[in-house]
Amino acid sequence: MSNNVMVQLWDGVAGSWDEHADFVDERGVEVTARMLQVAGVGAGDRVLELACGPGSVGLAAARLVTPGGEVVLSDGAPGMVAIAEQRARARGLDQVVARVLELEHLDEPDSGYDAVLCREGLMFAADHAGATREIARVLRPGGRAAIAVWGPRERNPWLGVVFDTVGEHLGVPVPPPGVHGPFALDDAGGLAELLTGAGLADVAVQEVDAPYRAATFEDWWTRTTALAGPLGGMLAALPEDSARALTQRMREAVAPYATEHGLAFGGVTLLGSGRRP
Ligand SMILES: C[S@@+](CC[C@H](N)C(=O)[O-])C[C@H]1O[C@@H](n2cnc3c(N)ncnc32)[C@H](O)[C@@H]1O
């Protein structure tokens, strides 16, 4: 197992991601479609998905690369890789393989891929610039990267409210200072600079709406705690009294997002793309 603590924490919550994998596919369907479009994925392509979790993006790409192409699903957490692989097998996608790869050091030769895809993963890398250079390195000349990261915390209240409320409840900032959380790459200009700095050309960043709806508070809270990654593990370890008080505090915090059809939160993803010259 990796000595990257972030990866170890993610591996610990892989089971919850398995349970909610269909929701994860569904929630990100628009972002996935845009990523495949900007990466120009098509028949015969070799495609690498990084930090794939249950593999939503790579599994969608797999249908586009036939005949003749291949998709490699990868994640730093072996538990996530196992889930992604199992989902590929269940779909009979023989053009898909899965392996453990860490963003910071891709154990892959230079220039091997026509496209590299990474949805809501690059921000967790310990070294953003180094990881982006790795993406550029494994692309063949002319190959394209599509990197989706969450936009600003205040524009993603479905998770921003959770971080704010847990922080107030525990009296500590969430995520802790120095830890790369989901909003660590939330600036469009910064993302563009990162891609350009890694040597990519034709760099563009677009916003993609990623709203979040849930029929009830309970549905949203159950899913959110299950999918909150390292934070999920921390919440699961709270004493019963504290967990109950936090749930009540959270219910009040999300009241402004209640509609007659349940909870409706806004959300925005930044989609960065570029081409290896
Ligand atoms: C928020 S999930 C996103 C999963 C998937 N890409 C999606 O959009 O549904 C973040 C993923 O990044 C992975 N991850 C975190 N740090 C990583 C690293 N340093 N190297 C590779 N994967 C990493 C986690 O294991 C987890 O699967």
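One can find the structure itself at the top, above this paragraph.
Quick caveat: nothing in here was measured; it's all calculated off a predicted structure.

Caption draft 1: Spatial organisation of the overall build of the protein chain. A tally of helices and strands in the protein chain yields 12 helices and 10 strands. Against the 2.2 N^0.38 benchmark of 19 Å for 277 residues, the protein chain shows a C-alpha radius of gyration of 18 Å, consistent with a compact globule. Along the first, second and third principal axes, the C-alpha set of the protein chain runs to 55 × 40 × 40 Å. At a minimum sequence separation of 6, the contacts of the protein chain that also span at least 24 residues come to 79%. Total accessible area computed for the protein chain in this model is approximately 11,800 Å², and 53% of it derives from carbon and sulfur atoms. Averaging the coordinates of the 22 positive side-chain charges in the protein chain and doing the same for the 37 negative ones gives two points 4 Å apart.

Caption draft 2: Main features of the layout of surface pockets. One number sums up the size of the second largest pocket: a volume of about 190 Å³. Every residue along the wall of the second largest pocket is listed here: Val 13, Ser 16, Trp 221, Thr 225, Ala 226, Gly 232, Leu 235, Ala 236, Leu 238, Ala 243, Leu 246 and Thr 247. Counting residues per element, the ones that place at least two in the lining of the second largest pocket are α10 (217-227), α11 (230-236) and α12 (240-253). By residue class, the composition of the lining of the second largest pocket is eight nonpolar, four polar and no charged.

Caption draft 3: Examining the sheet that holds strand β9 (residues 262-265) more closely. In spatial order, the strands read β7-β9-β8; together these three strands make up an open sheet with antiparallel pairing. Unpaired on one side and paired on the other, β7 (212-214) and β8 (258-259) mark the two borders of the sheet. Strand direction decides the pairing type here: β7 and β9, joined by three bridges, are antiparallel. In the strand pairing of β9, Tyr 212 is matched with Phe 265. α10 contacts β7 and β9 of the sheet and is inclined by roughly 125° relative to β7.

Cut-off values and rules
Residues numbered from 1 in each chain as written. Predicted model: local features only at pLDDT ≥ 70, side-chain atom pairs only at ≥ 80, totals over all residues. Heavy atoms only, no water. Helix = DSSP H or I, 4+ residues; strand = E, 2+ residues; numbered from the N terminus. Rg over C-alpha atoms; globule rule 2.2 N^0.38 Å. Contact = heavy atoms within 4.5 Å. Areas by Shrake-Rupley, 256 points an atom, 1.4 Å probe, with all protein chains shown as cover. Lys, Arg positive; Asp, Glu negative; His and termini not counted. Charge placed at Lys NZ, Arg CZ, Asp CG, Glu CD. 1 Å grid on protein atoms, 1.4 Å probe; cavity = no way out; pocket = protein on both sides within 12 Å on 5 of 7 lines; lining within 4 Å. Points joined across faces, edges and corners; volume = space filled by probe spheres on them. Nonpolar A, V, L, I, M, F, W, Y, C, P; charged D, E, K, R; others polar. Pairing = 2+ DSSP bridges. Axes fitted to C-alpha atoms, helices over the stretch in contact; angles between N-to-C directions.

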